[in-house]
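Below, each chain spelled out in residue letters.
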Amino acid sequence: LKAWGMHMLFPRRSLASILAVLLCMQLFPASSIAARINNLKEGECRIDVGKAHISDYFTKRGRLAVKVNVLSECFMRQEKTTFWVQIRNKGRLFDHEVVTEIRTITNKKSGNNTIYFEGTYAFCKNSKKTTYYGIGQAWAIINGKRYFTNRRARSEKNVTIPCGT
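Quantities reported herein were computed from a predicted structural model and do not represent experimental measurements.

Trainee: Could you clarify how one ought to interpret the state of the cysteines in this entry?
Mentor: Should the sulfur atoms of two cysteines be covalently bonded, the bond is a disulfide. Enumeration over the complete set of coordinates arrives at 2 disulfides. One disulfide in the model links Cys 45 with Cys 74; its S-S distance is 2.1 Å. On the sign convention where negative is left-handed, the bridge of Cys 45 and Cys 74, at about 115 degrees about the S-S bond, is right-handed. Here the residue Cys 45 occupies a position in strand β1 (residues 45–49), and Cys 74 occupies one in strand β3 (residues 65–74), the gap between them amounting to 29 residues. For the pair Cys 45 and Cys 74, a shared accessibility class is recorded, and that class is buried. A sulfur-sulfur distance of 1.9 Å marks the disulfide that ties Cys 124 to Cys 163. One quick way to see it: the torsion about the S-S bond of Cys 124 and Cys 163 is about -105 degrees, and its sign makes the bridge left-handed. Note that Cys 124 is positioned in the loop between β6 (114–123) and β7 (126–142) and Cys 163 in strand β10 (residues 159–164), a separation of 39 residues in sequence. Classification of Cys 124 by relative accessible area gives buried; the value is 16%. Here the protein pairs its bonded cysteines, counted in sequence order, in the arrangement 1-2, 3-4.

Trainee: What exactly am I supposed to notice about the packing of aromatic side chains here?
Mentor: Any pair of aromatic rings gets described here by the distance separating the centres and the angle formed by the planes. All chains considered together, the criterion is met by 6 aromatic pairs. A centroid spacing of 5.4 Å and a plane angle of 75 degrees characterise the contact between Phe 75 and Tyr 147, whose relative ring orientation is edge-to-face. A residue pair is termed long-range when its members are at least 10 positions apart, and Phe 75 in the loop between β3 and β4 (80–89) and Tyr 147 in strand β8 (residues 145–148) qualify at 72 residues. With a centroid separation of 5.5 Å and an interplanar angle of 70 degrees, the aromatic rings of Tyr 121 and Phe 123 are classed as edge-to-face. Given a relative accessible area of 32%, Tyr 121 falls into the partly exposed group. In textbook terms, an aromatic cluster arises when at least three aromatic residues are bridged by ring pairs, as seen for Tyr 57, Phe 58, Tyr 121 and Phe 123.

Calculation rules
- For every chain, the first residue of its written sequence is number 1, and the numbers climb from 1 along that sequence.
- Selection of residues for local features in this predicted model requires a pLDDT of at least 70, selection of side-chain atom pairs for listing and counting requires 80 or more, and totals for whole chains, interfaces and linings are taken over all residues.
- Heavy atoms from the whole structure form the basis of all side-chain values; hydrogens and water molecules are not counted.
- Disulfides are defined as pairs of cysteine sulfur atoms found within 2.5 Å of each other.
- Under the scheme used here, helices are H or I runs from DSSP no shorter than 4 residues and strands are E runs no shorter than 2 residues, and both carry numbers assigned from the N terminus.
- Relative accessibility thresholds used throughout: buried, under 20% of the residue-type maximum; exposed, over 50%; partly exposed, between the two (1.4 Å probe, protein chains only).
- Note on aromatic pairs: the rings of Phe, Tyr and Trp (six-membered ring only in Trp) are paired at centre separations within 6.5 Å, and the planes decide the class, stacked below 30 degrees, edge-to-face beyond 60, tilted for the rest.

Below, the structure is given as structure tokens:
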């Protein structure tokens, strides 16, 4: 992951962060993550972009938002990871950007080959059924060297949800 020098603060740990990690664990099972990491060769990193979905966090607080979670996996511990994530919706003639988020996460834990980012969302303006997907890329510093995913990744499936943005 070849990192750009972008510096943004990661939100403080909170109940929301813990719930987000638990949700991510459901979306990206640990057994499949471990198997994929073991298949990564030196110098390799990958990004996995989850399906667009309605955010449970915001729903419990009385707001609807479409959200996309991503994770970055590398062959070794990632010291600093920068995510570029975009939520897009399908249009009649062409797709539209809904929101773009760039966030740098500093990893202070040892042995963390997988870094999650769950901060890309857009609030719904109405309940119109809309088809969404996410795209993303990540850059990381590993042992002082910059590595990047070789291409932008996309959600496996487009998802239609009652959330017009």
